[in-house]
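# Architecture and fold: a report
The lines below spell out each chain.
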Amino acid sequence: YETRLIRNFCIIAHIDHGKSTLADRLLEITGTIPKSKENRQVLDKLEVERERGITVKAAAASMFYEYKNEKYLLNLIDTPGHVDFSTEVARSLSACQGAILLVDASQGIQAQTVANFLLACDSFLEVLAVINKIDLKDAKINKTLEQITKEFGIPNENILKISAKHGTNCTSILDQIIEKLPPPVCDRQQNLRLLVFDSYYESCPIVIVAVMDGVIRPGDKIQSKLTTKTYTVLETGIFAPERMRAEALYAGQVGYVICDTKISDTVVGDTWHHLGIDVKSLTSFKIPRPMVFAGFYPIDESNYNQFEQSIERLSLNDTGVRVQTDSNPAFGKGFRLGFLGLLHMEIYSQRLQSEFGQQIITTIPGVAYKCKIIGKDNIKQHGSDLLLISDSMKWPDTNIIQQCYEPMVLGQIVSPTICSLPLKILCTERRGVLIEEYSIDEKRTLFKYKLPLAEIVYDFFDQLKQITSGYGTFDYEDSDYEAANIVKLKILINQESIDELAVLCHSARAKAIGQDIVSKLRENIDRQQYKITIQACVHSHVLAREIIQPYKKDVGAKLYGGDKTRLMKLLKRQEEGKERMRQIANIEVPRQAIISVLKRN
Ligand code: GDP
Ligand code: MG
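What comes next concerns the included structure. (Residues numbered from 1 in each chain as written. Chains lettered and ligands numbered in written order. Predicted model: local features only at pLDDT ≥ 70, side-chain atom pairs only at ≥ 80, totals over all residues. Heavy atoms only, no water.)

Inspection of the region around ligand 1 gives 18 residues, with Asp-16, Lys-19, Ser-20, Thr-21 and Asp-135 positioned closest. In this structure, an oxygen atom belonging to ligand 1 sits 2.5 Å away from a side-chain N or O atom of Thr-21. Within the side chain of Asn-132, one N or O atom sits 3.1 Å away from an oxygen atom of ligand 1. Considering ligand 1 on its own, with 580 Å² of exposed area, one finds that the protein chains cover 82% of that surface. When grouped by side-chain class, the residues that make up the shell around ligand 1 number three nonpolar, ten polar and five charged. (Near = heavy atom within 4 Å. Polar contact = N/O pair within 3.5 Å; in protein donor to acceptor, adjacent residues only side chain to side chain. Areas by Shrake-Rupley, 256 points an atom, 1.4 Å probe, with all protein chains shown as cover. Nonpolar A, V, L, I, M, F, W, Y, C, P; charged D, E, K, R; others polar.)

Structure, rendered in structure tokens:
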């Protein structure tokens, strides 16, 4: 296929603004899929995506479209809408030359619209702005036009107005794609350079690729730039939108390759070339960096083997997740997993439950801190002077820490202007720094905040929704590390530390977090023979304390003096309870008490 007849593009939009619906329409108009009334959302392959209505993995679909007597090959590269997946978005965008920026006429510009537009600009994409849902009664077409012009500097007359649902004006999008978006710049005569931009498992590993230079055919011997492993190409093809064999993939094309790979071999962002013909790497893609960490354990410990298998299988399909085994006296054996963001973590645990039927306990998510340590011997012992630590059990001794750093994010919040004050209070509480604020229209304001990631991983989004009665939208991207006073908050029961409850947090938040934990423990631990003191401490400094008084002897006596069946019942219940208890400093702490602290919500 001639390069000048190819267009690689993506659709970027805030969630629910109609990306999947528009993709369906474009595929129908080009005859790629049959027309149908229902919303098929062809691109959203995974069950969880359909359920949640969001696209997790980048998918691709190729279509043919005739324009002015020439047949064009249009490759739609679907990108995840959420910036949790910004590395995946950036990767997908790097295979595109243009983007359709879709905005819901009744909603206007939202946080993700802005975040995605910025990513598209970073990748030097030509942007086509499109207003969707013009059929809605409460469509505010002129206002949305104004917003787009003001925020993105796109002239009014260049903005298309469509209804993806009814197909209105969708054909003109295809015309514009050909007219306005540039074809890929690439060379078929050059040596093969192939960008690996995703992979998934479907009876064998399928690698989604963009061919940047040269040609790839079945039978070719190829080599990975990153791992230097070599493979034989078994099949090449395009997504139309189901996999369709093609005898070759040429520069400028997007499609799939099947090799004799194991899925764990393919590294997203890698460059592949023909064996023996070395080329320069295509990108300097960082391997996606996990940002949010949490412990995952099976509810039923005896189910561990199956649990382990499920985690392994699911992680094969999810290149962003980092897996480490872990164990913990309260929950037994499990895993400590690293995720790209909160949404990623939620989707992962939902898939673990719905697709693998696993019942799980997940701990409160935390972030990875950086820790600069001093002392030759210490550095030698830890292997580096800068440690990356997400697990409180691995936190080094305070006296060898020179400086800690915490991960920051740049957040974009769009909110009704009348909610500005409580919103600012929330962000300040979370140690946010306001960078910019301006009105998008007469009713809504856009805020740009710099926030510590640790402050948003827990319930920030829920709070934001509550404050704005559901109208606020939020999105964020990484913004490197900043120096911060991070401490290890220890939880003690009668002076004995419960290691699995220790928390890494900012010193300014330690007291509030400590209070929350000790009061949850108090609620969940029964009176016992001894007085129980629960404390939250940083170093030897007590920040919060709760006391459980011992029960009086006669209360116990009365209890056991009742009729026989009652006594039997009680004994039985105690028996059942026994294995779920953990002895700490001679105190029986029910597993439930520890779960209540560690569990989300
Ligand atoms: P995505 O999250 O961006 O992929 O959005 P979807 O394509 O899943 O659309 C979200 C919702 O908006 C669905 O219920 C669609 O049926 C609806 N929708 C999409 N386009 C239009 C449109 O042009 N008009 C109307 N009225 N609804 C639309
Ligand atoms: Mg969608």
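Further notes follow.
Within soluble globular proteins, side chains that are nonpolar generally end up buried alongside one another. Residues Phe-296, Tyr-348, Trp-395, Ile-413 and Leu-453 are the most contacted members of the largest nonpolar core, which totals 45 residues. Beyond its immediate chain neighbours, meaning those up to four positions away, Tyr-348 contacts Phe-296, Ile-311, Leu-314, Ser-315, Asp-318, Val-321, Leu-337 and Phe-339. (Core = buried A, V, L, I, M, F, W, Y, C linked by side-chain atoms within 4.5 Å. Buried < 20%, exposed > 50% of the residue type's maximum accessible area, 1.4 Å probe, protein only. Contact = heavy atoms within 4.5 Å.)

The next thing to look at is the sheet that holds strand 2 (residues 60–67). Read from one edge to the other, the open sheet built from six strands follows the order 2-3-1-4-5-6, with strand pairing classed as mixed. Among the strands making up the open sheet, the edge pair consists of strand 2 and strand 6 (160–161). When strand 1 (residues 6–13) meets strand 4 (residues 98–104), the two strands line up parallel, connected through five bridges. Note that in strand 4 the partner of Ala-13 across the bridge is Leu-102. Packing against the sheet, helix 4 (residues 111–122) makes contact with strand 1, strand 4 and strand 5 (126–132), and its axis sits at approximately 150° to strand 1. Of the strands in this sheet, strand 4, strand 5 and strand 6 are in contact with helix 5 (residues 141–152), which crosses strand 5 at around 160°. (Pairing = 2+ DSSP bridges. Helix = DSSP H or I, 4+ residues; strand = E, 2+ residues; numbered from the N terminus. Axes fitted to C-alpha atoms, helices over the stretch in contact; angles between N-to-C directions.)

Here the focus is the pairing of strand 21 (residues 369–373). One face of the sheet, then the other: side chains in a regular strand alternate in exactly this way. Alternating positions in strand 21 separate cleanly, Tyr-369, Cys-371 and Ile-373 being buried on one face and Lys-370 and Lys-372 remaining unburied on the opposite face. Looking at chain direction, strand 21 and strand 23 (residues 401–416) are connected through four bridges and run antiparallel. Paired with Cys-371 across the two strands is Cys-404, which belongs to strand 23.

Turning our attention to the side chain of Ser-163. For Ser-163, the position within the fold is in the loop between strand 6 and helix 6 (170–180). In this structure Ser-163 comes out as buried when scored by relative accessible area, which is 1%. Polar contacts involving the side chain of Ser-163 include one to the side chain of Asp-135, which spans 3.0 Å.

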